[in-house]
Amino acid sequence: MVLKSKDLLGLKELTAEEIEYILNTAKTMKYILISKNKKTPHLQGKSIVTLFYENSTRTRLSFELASKYMSASSANVSASSSSVAKGETLIDTAKTIDMMGTDVIIIRHPMSGAPHLIAKNINASVINAGDGMNEHPTQALLDMFTIVEKKGSLKGLKVAIIGDIYHSRVARSNIYGMTKLGAEVCVAGPATLLPPEIEKLGVKAFNTVQEALIDADVVMGLRIQLERQKKGLFPSIREYSRFFGLDEKRLKLAKEDALIMHPGPVNRGVELSSGVVDCEKSLINEQVTNGVAVRMALLYLLTRRDSVENIN
């Protein structure tokens, strides 16, 4: 099997079979990642460029490490220190990078649809590392990979996603991916942070955390994205934490073996209490490790689309 597109722009475009193929490939990559010798020749002769118009720690570093672990030549372009600051357009920047023999461009951009725009204009594969309020497909893939590692499958699981759903590209990608793999997804947050008609995506929406948490197999908190809010959508951080923060008491409504997740960075005491972040059921640190494995898998698969070679 090969991925149908040369690009990974979102999970909305992927089939369930393609998602499972990526997750299965990530299993092999994790064996490499946790071994003593992380250097492999899988991407030898390939060139990877990260093009980030927004700040990032986890996503950018994990892509850079993934490419280095597999022997690719990698480079980073920051918008603030590139020709973008001189007025160069997004398409011209992408074409310039493409003409340098680049195989994969990984882009994060504040504008929804930016990865789709450049993918149509260049030969290199494009990976969406987060575009505006649209999608963050690699985060969702690592989230699903983490759940499947612990639960065996997403089919039939109840996943509760709590927080700033409206601004969250992570939530959107997880909804697309998890529902395709058979999970029941519930979302909860202040009414001002729930997108209109969110239930048309196949999820159940609640205005109270308690309703969403009942019998949940997985509980995922989301960061309050104050930088994307143009106006106050809730009275205060303190009030948000009081009504929607996840603490040990509220989590008793979920199943006893429920997994605790968060895409990071966590605002301790706001979305999750420190007790929840550091509890035994928390997979927040494992998500970071699995992010490298998933991104290794994607880089491998997108640079092997024309090859019959299969790592599995």
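For clarity, every value in this text was computed on a predicted model and none was experimentally measured.

Sorry, what's going on with the pattern of salt bridges here?
Two side chains that carry opposite charge are able to pair once their charged atoms sit near each other. Scanning the entire structure with this criterion turns up ten salt bridges. Between E54 and R169 there is a salt bridge, with its nearest N and O atoms 3.1 Å apart. In this pair, E54 is assigned in the loop between β1 (47–52) and α2 (58–69) and R169 in helix α6 (residues 169–180), connecting sequence segments 115 residues apart. Judged by relative accessible area, E54 falls into the buried class, the value being 16%. For R60, the salt bridge goes to E64, with nearest N and O atoms at 3.7 Å. With R60 and E64 both in helix α2 and four residues apart, the pair spans about one turn of that helix.

Mind showing me how you'd approach helix α1 (residues 16–33) here?
In an α-helix, one turn spans 3.6 residues, which is why side chains three or four residues apart end up on the same side. With 18 residues, α1 ought to run about 26 Å at 1.5 Å a step, and its terminal C-alpha atoms sit 25 Å apart, in line with that. Within α1 the residues assigned to the buried category are A16, E18, I19, Y21, I22, L23, T25, A26, M29, K30, I32 and L33.

In this structure, what is going on with the domain arrangement of the protein? I would like to understand it.
Interface size is commonly expressed as the accessible surface area that is lost when the partners come together. Parsing the protein into structural domains produces domain 1 (16–135 + 289–306) and domain 2 (137–284). Computed from C-alpha coordinates alone, the two centres of domain 1 and domain 2 are separated by 26 Å. The interface is formed by 26 residues belonging to domain 1 together with 23 residues belonging to domain 2. Interface area for domain 1 against domain 2, summed over the two sides, is near 2100 Å², with a carbon-plus-sulfur share of 65%. When the buried surface of domain 1 facing domain 2 is broken down by residue, L23, M133 and E135 rank first, second and third, together holding 31% of it. Where domain 1 packs against domain 2, one counts two salt bridges. A salt bridge links K30 to E149; the shortest N-O distance between them is 3.1 Å. Connecting domain 1 to domain 2 are eight residue pairs in polar contact (both at pLDDT 80 or more).

Conventions used here
The residue count restarts for each chain, going from 1 along the sequence in the order it is written. Given that the model is predicted, a residue must reach a pLDDT of at least 70 before its local features are reported, and side-chain atom pairs must reach 80 or more before they are shown or counted; all residues, however, enter totals for whole chains, interfaces and linings. Calculated side-chain values reflect all of the structure's heavy atoms, with hydrogen atoms and water omitted. Note on definitions: salt bridges are taken to be side-chain nitrogens of Lys or Arg within 4 Å of carboxyl oxygens of Asp or Glu. The helix count covers DSSP runs of H or I at least four residues long, the strand count covers runs of E at least two residues long, and both are numbered beginning at the N terminus. Each residue gets one of three labels from its accessible area relative to the maximum for its type: buried under 20%, exposed over 50%, partly exposed in between, using a 1.4 Å probe on protein chains only. Take the number of residues in a helix, subtract one, and multiply by 1.5 Å to get its expected span. Here the bounds of each domain stem from an automatic or database domain assignment. Residue contacts are defined here by distance: any two heavy atoms, one from each residue, within 4.5 Å place the two residues in contact. Here the quantity called buried area is the accessible surface, traced with a 1.4 Å probe, that two parts lose on coming together, added over both. Polar contacts here mean pairs of N or O atoms no more than 3.5 Å apart (in protein, one a potential hydrogen donor and the other a potential acceptor; neighbouring residues in sequence count only if both atoms are side-chain atoms).

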